[in-house]
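# Breakdown of the fold
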Amino acid sequence: MRLKPDYNLNSIYEINEEELLKKNVKCIFFDLDSTVMQSKSGKFTPETLEFLNRLSKNFKIAIISNNCKKHYISKVEEQCDIKIYSNAKKPDTKVLKLACRDFNICENEAAMVGDRPLTDILAGKRANMVTILVDSISRDKEGILTRFVRWLERLSIKK
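Residues numbered from 1 in each chain as written. Predicted model: local features only at pLDDT ≥ 70, side-chain atom pairs only at ≥ 80, totals over all residues. Heavy atoms only, no water.

## A few points about the nonpolar core
Leu20, Ile28, Phe30 and Phe44 are the most contacted members of the largest nonpolar core, which totals 30 residues. Of all the secondary structure elements, the ones that give two or more residues to this core are strand 1 (7-9), strand 2 (27-31), helix 2 (46-55), strand 3 (60-65), helix 3 (70-77), strand 5 (110-114) and strand 6 (130-134). Among the elements that line this core, the one with the most residues is helix 2, at 4 residues. If near-sequence neighbours (up to four positions away) are discounted, phenylalanine 44 is found in contact with Leu32, Val36, Met37, Leu49, Leu52, Ile63, Val76, Gln79 and Cys80. Residues Ala62, Leu96, Ala99 and Met129 belong to the second largest nonpolar core, which totals 16 residues. (Core = buried A, V, L, I, M, F, W, Y, C linked by side-chain atoms within 4.5 Å. Buried < 20%, exposed > 50% of the residue type's maximum accessible area, 1.4 Å probe, protein only. Helix = DSSP H or I, 4+ residues; strand = E, 2+ residues; numbered from the N terminus. Contact = heavy atoms within 4.5 Å.)

The structure is reproduced here in structure tokens:
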């Protein structure tokens, strides 16, 4: 299996809506921690919420989280009206397929956006989705070991 993402972006804000619409993408799934939210903070930035709301005009939006703590998920749900799928395992291929069924779309009509090649992008590839690899939104607040592991994962994909 080829792990190269379809798009390799610096941030979620570089997502090209027109290009995704041309690829017949109808739904975008975002990894939660580090992709759209400061890691483990439970809070979206106003900029991120505005961006997700803008995207929701053209796409169905959902969030995939492997953080199953109920208080954390409920804190996230209080801030937005976006469906959250929580799963204890990574990669989330089964959850992505379930979400596609819930939204009544085929897997190839969805995009998976995440910051980890060996979990988020792998799950999207296995589910036959468009994959978008982005740099962590919380990179400046992460520990050195986390950044090092992410860097090693990125070395494993071909540019």
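## A word on unusual backbone geometry
In this structure, asparagine 24 takes a positive phi of about 65 degrees despite not being glycine. Along the chain, asparagine 24 falls in the loop between helix 1 (17-22) and strand 2. By relative accessible area, asparagine 24 is classed as partly exposed at 39%. Backbone geometry places asparagine 104, a non-glycine residue, at a positive phi of 60 degrees. Structurally, the position occupied by asparagine 104 is in the loop between helix 4 (93-102) and strand 5.

## Remarks on the sheet that holds strand 4 (residues 83-86)
Pairing in this open sheet of 6 strands is parallel, and the strands run 1-6-5-2-3-4 from one edge to the other. Only two strands of the sheet have a single partner each, and these edge strands are strand 1 and strand 4. With direction set aside, neighbouring strand axes in the sheet form an average angle of 20 degrees. Those strands touched by helix 2 are strand 2 and strand 3, and its axis lies near 160 degrees from that of strand 2. (Pairing = 2+ DSSP bridges. Axes fitted to C-alpha atoms, helices over the stretch in contact; angles between N-to-C directions.)

## Comments concerning the pairing of strand 2
Every other side chain in a regular strand lies on the same face of the sheet, so the side chains alternate between the two faces. Of all 5 residues making up strand 2, 5 are buried, and the element is well covered by its neighbours. Of the two faces of strand 2, the one carrying Cys27, Phe29 and Asp31 and the one carrying Ile28 and Phe30 are both buried. When strand 2 meets strand 3, the two strands line up parallel, connected through 5 bridges. The partner of cysteine 27 across the bridge, within strand 3, is lysine 60.

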